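# Architecture and fold: a report
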Amino acid sequence: MEAKVSQSLQLSTWIDSEKIVRNPSGPLLFLRRCKGQQRLHMLVSCNLQSRKAATWRRPIALKVSCSSKNIPASLLESESFPETFDEATILKNKSEEIEPYLSAQCIYIVGMMGSGKTTIGRILSEALGYSFFDSDKLIELAVGGTTVTEIFNLYGESFFRDNETEVLHKLSSMHRLVVSTGGGAVIRPINWKYMQKGISVWLDVPLEALAQRIAAVGTGSRPLLHHKSGDAYAKAFKCLSTLLEERGEAYANANARVSLENIAAKLGYKDNLANGKYNRKKG
Ligand SMILES: Nc1ncnc2c1ncn2[C@@H]1O[C@H](COP(=O)(O)OP(=O)(O)O)[C@@H](O)[C@H]1O
Ligand SMILES: O=C(O)C1=C[C@@H](OP(=O)(O)O)[C@@H](O)[C@H](O)C1
């Protein structure tokens, strides 16, 4: 049971509305504007599997109060949820409720490699009826189908970054998209200029969990983490720490921050990060 809870917790980060606090009918995203500021509230709820199976018995809910576009992302507060709910229905209802408030703005998901940008982005886009784009994939297409790893190896990182900026530039004139950005997209200020045309959400996941996820799938598609030998977890952890030190402030430019660590704490889970999982507090 513990393992199931741990996995579920990690697998689901949803954006949600302020309204859910008063009327907890489900996860997704709501935008409130006040005096030129935008406030987002986000919900982190249960597991991806329950999109099919659909019933979850543990009360779970979180909201994130977010800043306006020019103020760094703020943190989470938690609320509780009904004992039993059908996540697929909640998601559908909530998407319909909040979609008009988005005014067709794009949602940019930022965060370190392995934070779940692609996984969450796909689900979010489906729920909202938005199109999904993975900026890495668009870069690969722009460079004639060359993979990210090949682009780094053949042309170097700055060539990759130039293409990344160009992709974000193009996307910035579009609407109704959820975009999973590359982990390093935040480092160039010009990229923020483009992403600020929409709403940016930072998935903030502890390094241990990132390293564990990446070690599990391998580093072949992530050239900045790739090492031919050595312990994959330890190497990924070390590289990710360095990158996070360099980028931490840049991620904080996002309109909203979803912190897995805070979520776990608010839900009464103690993080057991040695294995990248969150275990329920005893007693
Ligand atoms: N919330 C989560 N909990 C546990 N594993 C996750 C979660 N989100 C993604 N993963 C796994 O982590 C790996 C990286 O996820 P991905 O969505 O590709 O991250 P990113 O796009 O941020 O690099 C994948 O194997 C994915 O299945
Ligand atoms: O953090 C980074 O600098 C990078 C992250 C990768 O994207 P993901 O975050 O989707 O893995 C990809 O853009 C490239 O390997 C560089």
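This section reports on the structure supplied with the text. Everything numeric here is computed off the predicted structure, so don't read it as measured data.

### Comments concerning the overall build of the chain
Looking only at helices and strands, one finds eleven helices and 13 strands in the chain. Buried positions account for 52% of the 283 residues belonging to the chain. Within the chain, counting contacts between residues at least 6 apart in sequence, those at least 24 apart form 70% of the total. As displayed, the chain has an accessible area near 12800 Å², and 52% of this comes from carbon and sulfur atoms.

### Observations concerning the sheet that holds strand 7 (residues 107–110)
Strands sit in the order 8-9-7-10-11 across an open sheet of five strands; the sheet is parallel. Strands at the two margins of the open sheet, each flanked by one partner only, are strand 8 (131–134) and strand 11 (256–259). Direction aside, the axes of adjacent strands within the sheet are offset by 20 degrees on average. Two elements, strand 7 and strand 9 (residues 177–180), share three bridges in a ladder whose sense is parallel. Looking at the pairing, I107 lines up with V178 of strand 9. Each of strand 7, strand 8, strand 9 and strand 10 (199–204) touches helix 4 (residues 117–128); the most contacted strand, strand 7, lies at about 160 degrees to it.

### Some words on a nonpolar patch on the surface
A grouping of L154, Y155 and F159 is seen on the molecular surface, where their side chains present a nonpolar patch of about 310 Å² in accessible area. Among the structural elements, Y155 can be located in helix 6 (residues 148–155).

### So, the packing of aromatic side chains
The final tally for this structure, using the stated rule, is four aromatic pairs. Seen in terms of ring centroids, F152 and F160 are 4.8 Å apart; in terms of plane orientation they differ by 45 degrees. Their pairing is tilted. We classify F160 as buried; its relative accessible area is 3%.

Criteria and cut-off values
Residues numbered from 1 in each chain as written. Chains lettered and ligands numbered in written order. Predicted model: local features only at pLDDT ≥ 70, side-chain atom pairs only at ≥ 80, totals over all residues. Heavy atoms only, no water. Helix = DSSP H or I, 4+ residues; strand = E, 2+ residues; numbered from the N terminus. Buried < 20%, exposed > 50% of the residue type's maximum accessible area, 1.4 Å probe, protein only. Contact = heavy atoms within 4.5 Å. Areas by Shrake-Rupley, 256 points an atom, 1.4 Å probe, with all protein chains shown as cover. Pairing = 2+ DSSP bridges. Axes fitted to C-alpha atoms, helices over the stretch in contact; angles between N-to-C directions. Patch = residues over 30% accessible without salt bridge, like charges linked within 9 Å, V, L, I, M, F, W, Y side chains within 5 Å. Salt bridge = Lys/Arg side-chain N within 4 Å of Asp/Glu carboxyl O. Phe/Tyr/Trp six-rings, centres within 6.5 Å; stacked < 30°, edge-to-face > 60°.

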